[in-house]
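# Observations on chain architecture
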Amino acid sequence: EPTHTLSGARLVHDKKRVFYVQHGYVQAAEAETGKPLWALRVGYGARLHYGSKQLLAAGARKIHLLEPTTGRIRWSKAVREPAAYALLRDTLYVATSGRLRAFDSGTGRVKWQTNAPLLLPSA
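These notes cover the structure that comes with them. (Residues numbered from 1 in each chain as written. Predicted model: local features only at pLDDT ≥ 70, side-chain atom pairs only at ≥ 80, totals over all residues. Heavy atoms only, no water.)

## Quick look at the overall build of the chain
- Assigned secondary structure in the chain consists of zero helices and 12 strands.
- Seen in sequence order, the chain has helices and strands lined up from the N terminus as β-β-β-β-β-β-β-β-β-β-β-β.
- In the chain, buried positions account for 40% of the 123 residues.
- Sequence separation of 24 or more characterises 30% of the internal contacts of the chain that already satisfy a separation of 6 or more.
- About 7,300 Å² of surface is accessible on the chain, with carbon and sulfur atoms providing 52% of the total. (Helix = DSSP H or I, 4+ residues; strand = E, 2+ residues; numbered from the N terminus. Buried < 20%, exposed > 50% of the residue type's maximum accessible area, 1.4 Å probe, protein only. Contact = heavy atoms within 4.5 Å. Areas by Shrake-Rupley, 256 points an atom, 1.4 Å probe, with all protein chains shown as cover.)

Here you go:
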């Protein structure tokens, strides 16, 4: 199973590639050889989330859903408050203080949202 956590990490993998954050860039390397594949500037402090063959780079001000093989940005959204993230199938779940939202991971459009006043994400 791919490595991913709710609060995020600076290193995740999909068995073929290792993705890591260094000096404000998300970088990808072949897992077997370490050969660099691509790099994308996302800003300092970004955390990575991997799930369902998708890569999320979550920074303090913006999130980017990336194509893991190329590093191409599928979509980006501004971030207004601390959040926790999870990727499952075709959905990105975002928990903030007071709200849980589900986004279509292909388009970035909101599928649904609900008030969740007791939901407090860990930072």
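Next comes the rest of the write-up.
## Overview of the packing of aromatic side chains
- With the rule as written, the count across this model stands at four aromatic pairs.
- Ring geometry for F19 against W38: centres 6.1 Å apart, planes inclined by 40°, an arrangement best described as tilted. Here W38 lies in strand β4 (residues 36-41) and F19 lies in strand β2 (residues 17-22), a separation of 19 residues in the sequence. Taken as a pair, F19 and W38 share a single burial class, namely buried.
- The interplanar angle of 35° and the centroid separation of 6.3 Å between the aromatic rings of W75 and F103 together place this pair among those described as tilted. Of the two residues, W75 sits in strand β8 (residues 73-78) while F103 sits in strand β11 (residues 99-104), which places them 28 residues apart along the sequence. F103 shares its class with W75; the two are buried.
- Among the aromatic side chains, those forming a connected cluster through ring pairs are F19, W38 and Y50. (Phe/Tyr/Trp six-rings, centres within 6.5 Å; stacked < 30°, edge-to-face > 60°.)

Function cannot be read off these values alone, since they describe shape.
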